[in-house]
Amino acid sequence: DAGVTQSPTHLIKTRGQQVTLRCSPKSGHDTVSWYQQALGQGPQFIFQYYEEEERQRGNFPDRFSGHQFPNYSSELNVNALLLGDSALYLCASSPGTSDIYEQYFGPGTRLTVT
Amino acid sequence: ILNVEQSPQSLHVQEGDSTNFTCSFPSSNFYALHWYRWETAKSPEALFVMTLNGDEKKKGRISATLNTKEGYSYLYIKGSQPEDSATYLCAFSGYSTLTFGKGTMLLVSP
């Protein structure tokens, strides 16, 4: 079992550009959540996908969007990048949408916006 | 905005010391409390998910307690080892999304 995988590992973008991050969940998991971890902060919830739909969303602008595919993998898209979007983006999967399930995290994608 | 506080921010102990950290969260609308261990260059790893007031969970030398009425959870490490060095995160769920604290960074010196 490969666990949760994310790609790419690192990414450097320029302000105003768009970026797509990818996540494959742990085998048997159907729910994917995305988090942003800025320096010195805990992970902040962006949104959660289940059955190819966004089920919950944190306090992030519409520039952040996502998608879930039939094989449960997911993408996070960020448009019109700002310097403040520089962060570690974590993907986590779980076997359902309830918060009683522990989250299985990937290694993250480090995004740097210059 | 939910406030999840962890203390201390960082901790440096000697091998063999026992230590504990605190996670404070809102005492209303409690659903679940998670603890994760995050070692450098690795992915966060779940330690415990706790749902009932008075819950106590144990995994090896690590244990956790939960008080939902007063809004806190303690994580204990007995006989710390250098491999316990990591950031320990707690996350609160109040029938909405998981809200993480900033973590407690533990360094255990041999």
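It should be noted that the structure appears before, not after, this text.
To keep things clear, this report deals only with the structure shown in the data block.

Procedures and definitions
Residues numbered from 1 in each chain as written. Chains lettered and ligands numbered in written order. Predicted model: local features only at pLDDT ≥ 70, side-chain atom pairs only at ≥ 80, totals over all residues. Heavy atoms only, no water. Pairing = 2+ DSSP bridges. Helix = DSSP H or I, 4+ residues; strand = E, 2+ residues; numbered from the N terminus. Axes fitted to C-alpha atoms, helices over the stretch in contact; angles between N-to-C directions. Disulfide = S-S within 2.5 Å. Contact = heavy atoms within 4.5 Å. Buried area = accessible area lost by both parts, 1.4 Å probe. Salt bridge = Lys/Arg side-chain N within 4 Å of Asp/Glu carboxyl O. Polar contact = N/O pair within 3.5 Å; in protein donor to acceptor, adjacent residues only side chain to side chain. Nonpolar A, V, L, I, M, F, W, Y, C, P; charged D, E, K, R; others polar.

Observations concerning the sheet that holds strand β1 (residues 5–7) of chain A
Residue and element names in this part refer to chain A.
Argument step 1. With antiparallel pairing, 4 strands are arranged side by side in an open sheet as β1-β3-β8-β7. Each edge of the sheet is formed by a strand with only one pairing partner; in this case those strands are β1 and β7 (64–68). Averaged over all pairs of adjacent strands, the angle between their axes in this sheet comes to 20 degrees, without regard to strand direction.
Argument step 2. The pairing of β1 with strand β3 (residues 19–24) spans 3 bridges and is antiparallel. Residue pairing in the sheet places Gln6 in a bridge with Cys23 of β3.

Quick notes on the state of the cysteines
Between two cysteines, a covalent bond joining their sulfur atoms is known as a disulfide.
Residue and element names in this part refer to chain A.
Argument step 1. All told, the structure shown has 2 disulfides over all chains when counted by the stated rule.
Argument step 2. Two residues, Cys23 and Cys91, share a disulfide whose sulfurs are 1.7 Å apart. Looking along the S-S bond of the Cys23-Cys91 disulfide, the torsion reads about -55 degrees, which is the left-handed sense. Within this pair, whereas Cys23 is found in strand β3, its partner Cys91 is found in strand β9 (residues 87–94), the two being separated by 68 residues in sequence.

A short note on the interface of chain B and chain A
By a widely used convention, the size of an interface equals the accessible area lost when the partners come together.
Argument step 1. Each partner contributes to the interface: chain B provides 18 residues, whereas chain A provides 19 residues.
Argument step 2. In total, chain B and chain A occlude about 1600 Å² of area from one another, counting both sides; carbon and sulfur atoms represent 61% of this.
Argument step 3. Inspection of the region where chain B meets chain A yields 0 salt bridges.
Argument step 4. For the pair chain B and chain A, the interface holds 6 residue pairs in polar contact (both at pLDDT 80 or more).
Argument step 5. Residue assignment for the side of chain B that touches chain A shows that the elements contributing at least two residues are β4 (32–38), β5 (45–50), β9 (86–93) and β10 (98–100) of chain B.
Argument step 6. Its residues assigned to classes, the side of chain B that touches chain A comprises 10 nonpolar, 7 polar and 1 charged.

Fair warning: the whole summary comes from geometry, so function is off the table for now.
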